[in-house]
Structure formats: structure tokens, C-alpha cells
Amino acid sequence: DTAVSQTPKYLVTQMGNDKSIKCEQNLGHDTMYWYKQDSKKFLKIMFSYNNKELIINETVPNRFSPKSPDKAHLNLHINSLELGDSAVYFCASSQEGEAYNEQFFGPGTRLTVL
Amino acid sequence: AQSVTQLDSQVPVFEEAPVELRCNYSSSVSVYLFWYVQYPNQGLQLLLKYLSGSTLVKGINGFEAEFNKSQTSFHLRKPSVHISDTAEYFCAVTGTYKYIFGTGTRLKVLA
């Protein structure tokens, strides 16, 4: 059983479109995250959610809107896609948000905006 | 503010040779440090972590790291690498509700 899963794995779309990426964890964790990995492999936190509540929004444009329908899911919706949004997006989860907790990562979604 | 510096963007090494991947951190609070590995086209997998206690931490796949508070370092080592160790390695310092990652080191093991 996959601990943290993401769909789709690959997403190719045109500029200006709206798209969503789904994430689910079956670990019973309280905290979930979205990270963005750019073309140089740099990983940066975008959002953190704890028990469905937004905790961290790292100056991400308003075009990005995370939604957490329940503790096991954290979806990412992106409006009006731009070329610069092309990246690999990783979902992760941890038992809690405390700094000593290990985060478990999903396999990533490679988004390509044409 | 917390930050992580990985000094080497790429490290080529021959199979069965030892390797060290360098990581330096900056933090004004208690430090928790992690090393993750990312194999091609995959997600991140935890190699090892330092939370407290012994400064020498052993992880999976024969990797180990040493926490050095005076030098603010957490270098990753393996005494003998395999072709299968070819991957991207990330050092991270953690804050509440997020990791701060270094820029990664690409380890390329040569036959």
C-alpha cells in the first residue's frame, strides 16, 4: 500500500488553464504539505495543513489554492497556469507538524505548462 | 532564520570508493537535521535523522552522518558506494510545519 499517493503523475497543459493535483495519505497523519521542486532540483515549501487547517502559506501566488476536505487529503488547485509553474510538485505528510517529525513524501507530479 | 548549505552540487565517485556529502546549517533554535535521497523520477526517501543524543547517526543503505555543533555541519558519509547509490541527496533543517532544504548534491557513482 502506498503511504502518500498523488495523481496524476504527469500533467501537461496549456498556459491559462486551470488544473488540480490530488494527494492522499493512509498513514493517519495530522499534517500535510505541498512542496515545489524547480528545474534545478531546489525544493521549497508551499503550504502546510494541520487537521484540515492552513498553517503555512509561503508567499505562494493566489492562483494556487490548496484544499483539505479531510485529514487524509490535501489537493492543490492552480488557476491561470503560467510557464513558471512548470515543476515537480510533492505532497508530504507527518504525524504532527513538530520539527522532529519525519515527513513522508509522495512520488511527485510533474507539471509542464506549454 | 534557518538555512542549509550543501557545498557541492555534484560529486562523482568511483564504485566502492568512500564518499562524503557536505551539509552546513544555520539555526538559532534547537536543531533537527535530516538527509533524504531522491532516486531518478521518484519521491524523497529518508536516509537518516539527527534529533538528539549521539552525534553519529546511522541510516539505511550503509549511510551515516555526524552532527558537529561547533562547525554547524551534518556531513553524510558512506565507506563504499555502489552504482545504485547514484541519486540526488538533500540535507534539511526542520522548523515547525516545514522543512528547509539545501540545494541538493547529485552523487554519480562511476563503474
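Structure shown above.
Residues numbered from 1 in each chain as written. Chains lettered and ligands numbered in written order. Predicted model: local features only at pLDDT ≥ 70, side-chain atom pairs only at ≥ 80, totals over all residues. Heavy atoms only, no water.

Moving on, we come to the pairing of strand β10 (residues 87-95) of chain B. All names here are of chain B. Of all 9 residues that make up β10, 9 are buried, and the element is covered over most of its length. Covered by surrounding structure in β10 are Ala-87, Tyr-89, Cys-91, Val-93 and Gly-95 together with Glu-88, Phe-90, Ala-92 and Thr-94, the residues of both alternating faces. Bridge count for β10 against strand β11 (residues 98-101) is 4 bridges, and the pairing is antiparallel. Directly across from Thr-94, in β11, lies its bridge partner Tyr-99. Linking β10 back to β11 in an antiparallel pair, the connection comprises 2 residues, with Tyr-97 at a positive phi of about 65°. (Buried < 20%, exposed > 50% of the residue type's maximum accessible area, 1.4 Å probe, protein only. Helix = DSSP H or I, 4+ residues; strand = E, 2+ residues; numbered from the N terminus. Pairing = 2+ DSSP bridges.)

What follows covers empty space enclosed by the protein. Space left empty within the atom packing is revealed by a probe, the size of a water molecule, rolled over the atoms. Residues and elements named next belong to chain A. Per the counting criterion, the structure on display carries 1 cavity of 30 Å³ or more. Taken as a whole, the largest cavity holds about 30 Å³ of empty space. If you go around the largest cavity, the residues you meet are Asp-30, Met-32, Tyr-49, Asn-51, Lys-52, Ser-68, Lys-71, His-73 and Leu-74. Of the residues belonging to the lining of the largest cavity, the class tally is 3 nonpolar, 3 polar and 3 charged. (1 Å grid on protein atoms, 1.4 Å probe; cavity = no way out; pocket = protein on both sides within 12 Å on 5 of 7 lines; lining within 4 Å. Points joined across faces, edges and corners; volume = space filled by probe spheres on them. Nonpolar A, V, L, I, M, F, W, Y, C, P; charged D, E, K, R; others polar.)

We now examine the pattern of salt bridges. Residue and element names in this part refer to chain A. Summed over the entire model, instances satisfying the criterion amount to 10 salt bridges over all chains. Its salt-bridge partner being Asp-30, residue Lys-71 comes within 2.7 Å of it at the nearest N-O pair. Placement of Lys-71 in the loop between β7 (64-70) and β8 (73-78) and of Asp-30 in the loop between β3 (19-25) and β4 (31-37) is noted, with a sequence separation of 41 residues between them. We classify Lys-71 as partly exposed; its relative accessible area is 37%. (Salt bridge = Lys/Arg side-chain N within 4 Å of Asp/Glu carboxyl O.)

Quick look at a positive patch on the surface now. Taken together, Lys-9, Lys-41 and Arg-110 of chain A together with Arg-106 and Lys-108 of chain B make up a surface patch of like positive charges. Tracing the backbone shows Lys-108 of chain B in strand β12 (residues 105-110). Overall, Lys-108 of chain B belongs to the partly exposed group, its relative accessible area being 45%. (Patch = residues over 30% accessible without salt bridge, like charges linked within 9 Å, V, L, I, M, F, W, Y side chains within 5 Å. Areas by Shrake-Rupley, 256 points an atom, 1.4 Å probe, with all protein chains shown as cover. Lys, Arg positive; Asp, Glu negative; His and termini not counted. Charge placed at Lys NZ, Arg CZ, Asp CG, Glu CD.)

This part covers the side chain of Asn-101 of chain A. The residue Asn-101 of chain A is located in the loop between β9 (87-94) and β10 (104-105) in this model. Within the structure, Asn-101 of chain A has its side chain in polar contact with the backbone nitrogen of Glu-96 of chain A (distance 3.4 Å). Setting aside its immediate chain neighbours within four residues, Asn-101 of chain A contacts Ser-94, Gln-95 and Glu-96 of chain A together with Phe-34 and Tyr-99 of chain B. (Polar contact = N/O pair within 3.5 Å; in protein donor to acceptor, adjacent residues only side chain to side chain. Contact = heavy atoms within 4.5 Å.)

Our next topic: the sheet that holds strand β1 (residues 4-7) of chain A. All names here are of chain A. In space, the 4 strands of this open sheet follow the order β1-β3-β8-β7, with antiparallel pairing throughout. This sheet does not close on itself; its edge strands, each paired only once, are β1 and β7. In this sheet, neighbouring strand axes are inclined to one another by 20° on average, regardless of whether the strands run parallel or antiparallel. Sheet topology places β3 next to β8; 4 bridges connect them, and they run antiparallel. When the bridges of β8 are listed, Lys-19 appears paired with Ile-78. (Axes fitted to C-alpha atoms, helices over the stretch in contact; angles between N-to-C directions.)

A few words now on the interface of chain A and chain B. Across the boundary between the two partners, chain A contributes 26 residues, which contact 22 residues of chain B. In this assembly, chain A packs against chain B so that about 2000 Å² is buried in total across both faces, 59% of it on carbon and sulfur atoms. Notably, a salt bridge pairs Glu-58 of chain A with Lys-98 of chain B, separated by 3.4 Å at the nearest N-O pair. One can count 7 residue pairs in polar contact (both at pLDDT 80 or more) joining chain A with chain B. Among the elements of the structure, β4, β5 (43-50) and β6 (53-57) of chain A are those that each provide at least two residues to the side of chain A that touches chain B. Taken together, the residues that form the side of chain A that touches chain B break down as 12 nonpolar, 8 polar and 6 charged. (Buried area = accessible area lost by both parts, 1.4 Å probe.)

Residues and elements named next belong to chain A. Taken as a whole, this structure holds 2 disulfides over all chains when the rule is applied. Each sulfur of the disulfide joining Cys-23 and Cys-91 lies 1.8 Å from the other. An S-S torsion of about -75° defines the bridge between Cys-23 and Cys-91 as left-handed. In this pair, Cys-23 is assigned in strand β3 and Cys-91 in strand β9, connecting sequence segments 68 residues apart. With respect to burial, Cys-23 and Cys-91 carry one shared label: buried. (Disulfide = S-S within 2.5 Å.)

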